[in-house]
Amino acid sequence: MKNLLFLLGLGIGVITFAQSGPPAGDAKVGEYYGKDVEMTVAKKAMTVKDLNKKLTKEAKVENVAVKGTVTEVCPKKGCWVKLKTDDGKDFFVKMKDYGFFVPMALVGKNVVLEGNAESKTTSVNELKHYAEDAKKPQSEIDAIKDPKTETRFLASAIKVVK
């Protein structure tokens, strides 16, 4: 019985720890999340603008490397990021298989992402969920009335490059 209670307590502790926020870290140049991005791949990474052009011709682009500056990290867990784009649109990045998380220190850093991209329409419910995760004011969440078509990226790797 003592062993069962110990395991139950341990499980609750692990679940609580896993949901306590983004991981700590400084996001220094050379650090990576998920798998490492080879330097040869990083040097050939395209801009978000170039990726968006490619997505006008193809529905999905697989095994692509993209570079950009992180503007936002999910404050709840570090399970998504947004990159700055030249045209002011959001570039939303989720982690493949929810397999890794990133620290808040990633905001403002230049990164290279490796993974798959597609143009996707995000539902109102999902947009509201992300706004809640980002701790947006309720008035901003309530103002979300329409789905949004945007570039979505499923990252298997994120590497800080500058």
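Look above for the structure.
In what follows, the accompanying structure is described. This one's a predicted model, so the numbers in the text were calculated from it and none came from an experiment.

## Regarding the environment of Ala-24
Here is step 1 of the chain: Within the secondary structure, Ala-24 sits in the loop between helix H1 (2-18) and strand S1 (32-34).
Here is step 2 of the chain: A sequence separation of 81 residues divides Ala-24 from Ala-105, and the C-alpha atoms of the two residues are 8.2 Å apart.

## Some points on the pairing of strand S7 (residues 148-160)
Here is step 1 of the chain: Taking burial as the measure, the 13 residues of S7 include 10 buried ones, the bulk of the element.
Here is step 2 of the chain: Bridging between S1 and S7 involves 3 bridges; their strand directions are antiparallel. Across the sheet, Tyr-33 pairs through a bridge with Ile-158, a residue of S7.
Here is step 3 of the chain: Note that strand S6 (residues 110-122) and S7 share 12 bridges and pair antiparallel. Paired with Ser-119 across the two strands is Thr-151, which belongs to S7.

## Let's talk about helix H3 (residues 48-57)
Here is step 1 of the chain: For H3, every residue scored as buried is listed here: Val-48, Leu-51 and Leu-55. Looking straight down H3, one finds that the buried residues subtend no more than 55° of arc, so they occupy a single side. Set apart from the buried face of H3 by more than 90 degrees, the exposed residues are Thr-56 and Lys-57.
Here is step 2 of the chain: On its buried face, H3 is in contact with strand S2 (46-47), strand S3 (60-73), strand S4 (80-83), strand S5 (91-95), S6 and S7.

## Some words on the packing of aromatic side chains
Here is step 1 of the chain: Within this structure, the stated rule accounts for 5 aromatic pairs.
Here is step 2 of the chain: Measuring from ring centre to ring centre gives 5.4 Å for Trp-80 and Phe-92, while their planes differ by 35°; the resulting arrangement is tilted. Residue Trp-80 is found in strand S4, and its partner Phe-92 is found in strand S5; the two are separated by 12 residues along the sequence. For the pair formed by Trp-80 and Phe-92, the shared burial category is buried.
Here is step 3 of the chain: On the numbers, 4.6 Å between centres and 45° between planes, the contact of Phe-92 with Tyr-130 is tilted. Highlighted residues: Phe-92 in strand S5 and Tyr-130 in helix H4 (residues 124-133), separated in sequence by 38 residues. An identical accessibility class is assigned to Phe-92 and Tyr-130; each is buried.
Here is step 4 of the chain: Connected via pairs of aromatic rings, a cluster forms that spans Trp-80, Phe-92 and Tyr-130.

## Overview of unusual backbone geometry
Here is step 1 of the chain: In this structure, Ala-27 takes a positive phi of about 55° despite not being glycine.
Here is step 2 of the chain: Positionally, Ala-27 belongs in the loop between H1 and S1.
Here is step 3 of the chain: A positive phi angle is found at Lys-135, which is not glycine, with a value near 60°.
Here is step 4 of the chain: Tracing the sequence through the fold places Lys-135 in the loop between H4 and helix H5 (138-142).
Here is step 5 of the chain: Classification of Lys-135 by relative accessible area gives exposed; the value is 62%.

## Things to note about H4
Here is step 1 of the chain: If you check which residues of H4 are buried, you get Leu-127, Tyr-130, Ala-131 and Asp-133. When H4 is viewed along its axis, its buried side chains cluster within an angular range of 160° and face the same direction.
Here is step 2 of the chain: Summarising the contacts, the buried residues of H4 are in contact with S4, S5, S6, H5 and S7.

## Looking at the nonpolar core
Here is step 1 of the chain: The biggest cluster of nonpolar side chains holds 26 residues, and the ones touching the most others in it are Leu-51, Phe-91, Val-102, Leu-106, Phe-153 and Ile-158.
Here is step 2 of the chain: If you list the elements that add at least two residues to this core, you get H3, S3, S4, S5, S6 and S7.
Here is step 3 of the chain: If you tally residues by element for this core, the top one is S3, at 5 residues.
Here is step 4 of the chain: Apart from the residues lying within four places of it in its own chain, the contact partners of Val-102 are Pro-22, Pro-23, Tyr-33, Val-73, Gly-78, Val-81, Met-95 and Ile-158.

So, how was this worked out
Residues numbered from 1 in each chain as written. Predicted model: local features only at pLDDT ≥ 70, side-chain atom pairs only at ≥ 80, totals over all residues. Heavy atoms only, no water. Helix = DSSP H or I, 4+ residues; strand = E, 2+ residues; numbered from the N terminus. Buried < 20%, exposed > 50% of the residue type's maximum accessible area, 1.4 Å probe, protein only. Pairing = 2+ DSSP bridges. Arc of directions from axis to C-beta. Contact = heavy atoms within 4.5 Å. Phe/Tyr/Trp six-rings, centres within 6.5 Å; stacked < 30°, edge-to-face > 60°. Core = buried A, V, L, I, M, F, W, Y, C linked by side-chain atoms within 4.5 Å.

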